[in-house]
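Chain residues, written in single-letter form:
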Amino acid sequence: MKERLLFSGVGGQGVLTGANILAKTFLTEGKKVLMSEVHGMAQRGGSVICTVCVGDVYSPLIADGGADVIVSMEPVEALRYIKKLKRDGVIITDINPVIPPNVSIGESKYPDPEEVFKELSSRGKLIKIDALDIAKKSGNAITKNVVMLGALAGMDLLPIGKEKILESVKNNIPEKYVEMNERAFNMGLKAVKV
C-alpha cells in the first residue's frame, strides 16, 4: 500500500498543521509515514507545500505524476502543483483565492478562477468547496485547514477512518479550540457528502 498526498496553499493557511495532523493519524495507526515541507520566501503569503507519503515508501518527495490526492487551501496553489497529480488523482480545493501583494498593487493579474477550475478538472477529479465560508460558520476562518481535512476524510480515499482523523485533530489542537475544530471537521466532511 502506498498513499501519496500533497497539501498546498500559502503561508498562514495551516498547510503544515493539516499535513502534520494527517501524518500523526497514520503514525498512531502503526503506518510508516514520511513527510516533507517547503516554505516560500515569505512566512505569510508565500507558497507552501507539504507531502505525506504512507506505506512502503523511502522518500517523502513525490515525483511528477505520483500524487494520489492534492489538498489545496487556494485554487492557484493547486494548479501550481498539478503536475504532481497522477492521471486518475483527486484534487480537493477551497474556491477562495488569496490575492498576492503584486496583484493587489496592480503589477500582476490573478487568473480567472473559472479558468483555473477548468484546467484542474481536466487533470483529475476536482472537488471544490467553500472552505473559508464553512470555517467562518464553524467559529473562525483559521479552521479552514481542518475543514479541508474533514473534506478529505469525507471522500473515503484513505485507508484510515474518519473518526481516527478527527481524534488526531482533537489530540493536536489546544483544548480550548477542540470544539470549534470538531465542528469545522464535521462541516467539511458533510460538504463533500452527496
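Right, let's walk through the structure included here.

Looking only at helices and strands, one finds eight helices and six strands in the protein chain. Secondary structure elements of the protein chain, listed N to C terminal, follow the sequence β-α-β-β-β-α-β-α-α-β-α-α-α-α. The C-alpha radius of gyration computed for the protein chain amounts to 16 Å, which stays within 12% of the reference 16 Å derived for 194 residues, consistent with globular compactness. The C-alpha extent of the protein chain, read off along each of the three principal axes, is 50 × 35 × 35 Å.

What follows covers the pattern of salt bridges. Applying the stated rule across the entire model yields ten salt bridges. Of the charged contacts, one joins aspartate 64 and lysine 84 as a salt bridge, the two residues approaching to 3.4 Å between their closest N and O atoms. Taken as a pair, aspartate 64 in the loop between strand S3 (47-55) and strand S4 (67-72) and lysine 84 in the loop between helix H2 (75-80) and strand S5 (85-94) lie far apart in primary sequence, 20 residues in all. Here glutamate 77 ties to arginine 80 by a salt bridge, and the two come within 2.9 Å at their closest N and O atoms. In this pair, glutamate 77 and arginine 80 both sit in helix H2, three residues apart, roughly one turn of the helix. On the accessibility criterion, glutamate 77 (4% relative accessible area) is buried.

Quick look at the packing of aromatic side chains now. Scanning the model with the defined rule gives zero aromatic pairs in all. Its end group placed over the ring of tyrosine 58, lysine 32 keeps NZ or CZ at 4.1 Å from the ring centre. In this structure, lysine 128 is placed above the aromatic ring of phenylalanine 117, and the distance from its NZ or CZ to the ring centre is 4.7 Å.

On to the nonpolar core. Within the largest apolar cluster, 41 residues are counted, with the highest numbers of intra-cluster contacts made by Phe7, Leu22, Ile92, Leu152 and Phe185. Top contributing element to this core by residue count: helix H6 (residues 144-154), with seven residues. Those residues in contact with isoleucine 92 that sit more than four places away from it in its chain are Val69, Ile70, Val71, Ser72, Ile127, Met148, Ala151, Leu152 and Met155. Counting residues in hydrophobic clusters, the runner-up holds 18 residues, among them Leu6, Ile82, Val103 and Tyr110.

Another point: the environment of lysine 86. You can see lysine 86 is positioned in strand S5. Note on lysine 86: relative accessible area 27%, which makes it partly exposed. Linking lysine 86 and alanine 63, residues 23 residues apart in sequence, is a C-alpha distance of 9.5 Å. Those residues in contact with lysine 86 that lie beyond four places of it in its chain are Gly65, Gly66, Ala67, Asp68 and Arg123.

Next up on the list: the environment of tyrosine 58. Counting through the fold element by element, tyrosine 58 comes out in the loop between S3 and S4. Apart from residues lying up to four places away in sequence, tyrosine 58 is in contact with Lys32 and Leu34. For tyrosine 58, the side chain forms a polar contact with the side chain of aspartate 56, separated by 3.0 Å.

Here H6 crosses helix H7 (residues 162-171) at 165°, and the two axes come no closer than 9 Å. When the interaxial angle is binned, H6 and H7 end up roughly antiparallel. Crossing of H6 against H7: the hand is right-handed. Residues Val146, Leu149, Ala153 and Gly154 of H6 form the contact with H7, whose participating residues are Lys162, Ile165 and Val169.

Reading the values: rules and limits
Each residue is numbered by its place in its chain's sequence as written, counting from 1. Side-chain atom pairs in this predicted model are given and counted only at pLDDT of 80 or more, local residue features only at pLDDT of at least 70, and totals for whole chains, interfaces and linings cover all residues. The basis for every side-chain value is the complete set of heavy atoms in the structure, and neither hydrogens nor water enter the calculation. A helix here means a DSSP run of H or I that spans at least four residues, while a strand means a run of E at least two residues long, and both kinds are numbered starting from the N terminus. To get the radius of gyration, use the C-alpha atoms; to get the globule rule, take the number of residues to the power 0.38 and multiply by 2.2 Å. The salt bridge definition used is simple: a Lys or Arg side-chain nitrogen within 4 Å of an Asp or Glu carboxyl oxygen. Three exposure classes are used, based on accessible area relative to the maximum for each residue type with a 1.4 Å probe and protein chains only: buried under 20%, partly exposed in between, and exposed over 50%. The pairing test for Phe, Tyr and Trp rings, Trp by its six-membered ring, is centres within 6.5 Å, and the orientation test on the planes gives stacked under 30 degrees, edge-to-face over 60, and tilted for anything in between. The criterion for a charge sitting over a ring is simple: Lys NZ or Arg CZ within 6 Å of the ring centre, and within 35 degrees of the ring normal. Here the nonpolar core consists of buried residues drawn from Ala, Val, Leu, Ile, Met, Phe, Trp, Tyr and Cys, with membership extended through side-chain atoms lying within 4.5 Å. We call two residues in contact when some of their heavy atoms are within 4.5 Å. Counted as a polar contact is a pair of N or O atoms within 3.5 Å, where, for protein atoms, one must be capable of donating a hydrogen and the other of accepting one, and residues adjacent in sequence contribute only when both atoms are in side chains. The axes used here are C-alpha line fits, helices contributing only the stretch in contact, and every angle between their N-to-C directions lies in the interval 0 to 180 degrees. Under this scheme an angle from 65 to 115 degrees is roughly perpendicular, one under 35 degrees roughly parallel, and one over 145 degrees roughly antiparallel; angles in between are oblique. By convention, the crossing between two helices is left-handed when the near helix turns anticlockwise from the far helix through less than a right angle, and right-handed when the turn is clockwise.

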